[in-house]
Amino acid sequence: MKKQIALAVVFLSAALPAAAAEYEINLYSGFQTAPHSDVSGVDENGTPFSFTAGWDGRSFEAPPYYGARVTRWQESGWGFGLEFTHAKVYANDETLADSGFDVLEFTDGINIITVNAARRFALSDRWTAHAGLGVGISVPNVEVTTPGGAETFEYQLTGPAVRWYAGASYAITERWSVFGEYGGTYSQNNADLAGGGNLETDILTNAVNVGIGFSF
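Keep in mind it's a predicted model, so treat the numbers as computed, not measured.

What counts as what
Residues numbered from 1 in each chain as written. Predicted model: local features only at pLDDT ≥ 70, side-chain atom pairs only at ≥ 80, totals over all residues. Heavy atoms only, no water. 1 Å grid on protein atoms, 1.4 Å probe; cavity = no way out; pocket = protein on both sides within 12 Å on 5 of 7 lines; lining within 4 Å. Points joined across faces, edges and corners; volume = space filled by probe spheres on them. Helix = DSSP H or I, 4+ residues; strand = E, 2+ residues; numbered from the N terminus. Phe/Tyr/Trp six-rings, centres within 6.5 Å; stacked < 30°, edge-to-face > 60°. Buried < 20%, exposed > 50% of the residue type's maximum accessible area, 1.4 Å probe, protein only. Core = buried A, V, L, I, M, F, W, Y, C linked by side-chain atoms within 4.5 Å. Contact = heavy atoms within 4.5 Å. Salt bridge = Lys/Arg side-chain N within 4 Å of Asp/Glu carboxyl O. Patch = residues over 30% accessible without salt bridge, like charges linked within 9 Å, V, L, I, M, F, W, Y side chains within 5 Å. Areas by Shrake-Rupley, 256 points an atom, 1.4 Å probe, with all protein chains shown as cover.

Notes on empty space enclosed by the protein
Then, in step 1: The tally for this structure, following the rule as stated, stands at two cavities of 30 Å³ or more.
Then, in step 2: What the largest cavity holds in volume is close to 90 Å³.
Then, in step 3: If you go around the largest cavity, you meet 15 residues; those closest to its centre are Tyr65, Arg163, Gly183, Gly184 and Asn209.
Then, in step 4: Where the lining of the largest cavity is concerned, the elements lending two or more residues are β6 (78–91), β11 (159–171), β12 (176–193) and β13 (197–215).

Rendered as structure tokens:
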């Protein structure tokens, strides 16, 4: 996964025009949640299931919630780049009890990879506002144990994803900055389950991110 992300960054950078530009790398963590979502599918015996899942984010438990973004900023204030977010969702105890599933989680994690378009605006000599949108894919680690006992534990490409974010950064030096922002993702996840079953759910995440930036 990490090698694929690094290669994507290299290819994206090579593909962008060679006009005067500034690269910025952002690393962040924060507090991430997810509202309830509908879950449906069939288990390994062909028995259908359908219920509403309540999700816990547990942002600071291992593996933690985090993300990385690379942006190539143009003199116009527009930027284009690539972003990876390692979000997490655990079905809460009530959901597990009602559904009969022993495990239902994407905790390593709901991995969202997007290509972004962004805009930034100088607010003062040191403060800059930014906002962006991205489209891409969801590649979660599917961790499911059905009521019948079939265990699924693997990374899968489960569907499309979008992201949006907005915030502000403060320049500490010419190259280093700190920032805070709201970030959200939406992903459609159609996962294969062990034994021939499948599971579908659309997951929305909301997060308050804090991080550092490096420009060059």
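What about the packing of aromatic side chains?
Then, in step 1: Scanning the model with the defined rule gives 11 aromatic pairs in all.
Then, in step 2: Ring centres 6.1 Å apart and planes at 50° place the aromatic pair tyrosine 66 and phenylalanine 84 in the tilted group. Of this pair, tyrosine 66 sits in strand β5 (residues 66–74) while phenylalanine 84 sits in strand β6, placing them 18 residues apart in sequence.
Then, in step 3: With a relative accessible area of 33%, tyrosine 66 lands in the partly exposed category.
Then, in step 4: Ring centres of phenylalanine 214 and phenylalanine 216 lie 6.0 Å apart, and the angle between their planes is 25°; on these two criteria the pair is classed as stacked.

Some thoughts on the nonpolar core
Then, in step 1: With 25 residues, the main nonpolar core has Trp55, Phe106 and Leu199 as its most contacted residues.
Then, in step 2: Broken down by secondary-structure element, the contributors of at least two residues to this core are β3 (48–53), β6, β7 (103–122), β9 (141–145), β12 and β13.
Then, in step 3: The leading source of residues in this core is β7, at four residues.
Then, in step 4: In this structure, phenylalanine 106 is in contact with Trp55, Ala87, Lys88, Val89, Pro140, Asn141, Val142, Leu199, Thr201 and Ile203, ignoring residues within four places of it in sequence.
Then, in step 5: Counting residues in hydrophobic clusters, the runner-up holds five residues, among them Val70, Leu82, Phe84 and Ile113.

Considerations on the layout of surface pockets
Then, in step 1: When its volume is computed, the largest pocket comes out at roughly 420 Å³.
Then, in step 2: Broken down by secondary-structure element, the contributors of at least two residues to the lining of the largest pocket are β1 (21–33), β5, β7, β8 (127–138), β11 and β12.

As for the pattern of salt bridges
Then, in step 1: Summed over the entire model, instances satisfying the criterion amount to five salt bridges.
Then, in step 2: Between glutamate 22 and arginine 120 there is a salt bridge, with the nearest N and O atoms lying 2.9 Å from each other. In this pair, glutamate 22 sits in strand β1 while arginine 120 sits in strand β7, placing the two residues 98 residues apart along the sequence.
Then, in step 3: Using a relative accessible area of 26% as the deciding quantity, one classes glutamate 22 as partly exposed.
Then, in step 4: When its relative accessible area of 22% is taken as the criterion, arginine 120 is described as partly exposed.

Side note on a nonpolar patch on the surface
Then, in step 1: On the surface, a nonpolar cluster with roughly 930 Å² of combined accessible area is contributed by Ile25, Leu27, Leu123, Trp127, Tyr170, Ile172, Trp176, Val178, Ile212 and Phe216.
Then, in step 2: Of all the secondary-structure elements, those providing two or more residues to the nonpolar patch are β1 and β12.
Then, in step 3: With respect to the helices and strands, the residue isoleucine 172 is situated in the loop between β11 and β12.
Then, in step 4: Taking relative accessible area as the criterion, isoleucine 172 reaches 46% and is therefore assigned partly exposed.

Looking at the environment of serine 187
Then, in step 1: Looking at the element boundaries, serine 187 is found in strand β12.
Then, in step 2: Those residues in contact with serine 187 that sit more than four places away from it in its chain are Ile110, Ile112, Ser138, Pro160, Ala161, Thr201, Asp202 and Ile203.

Let's talk about unusual backbone geometry
Then, in step 1: Proline 63 follows alanine 62 through a cis peptide bond whose omega is -10°.
Then, in step 2: With respect to the helices and strands, proline 63 occurs in the loop between β4 (55–56) and β5.
Then, in step 3: Positive phi values are uncommon outside glycine, yet arginine 58 reaches one of about 50°.
Then, in step 4: You can see arginine 58 is positioned in the loop between β4 and β5.

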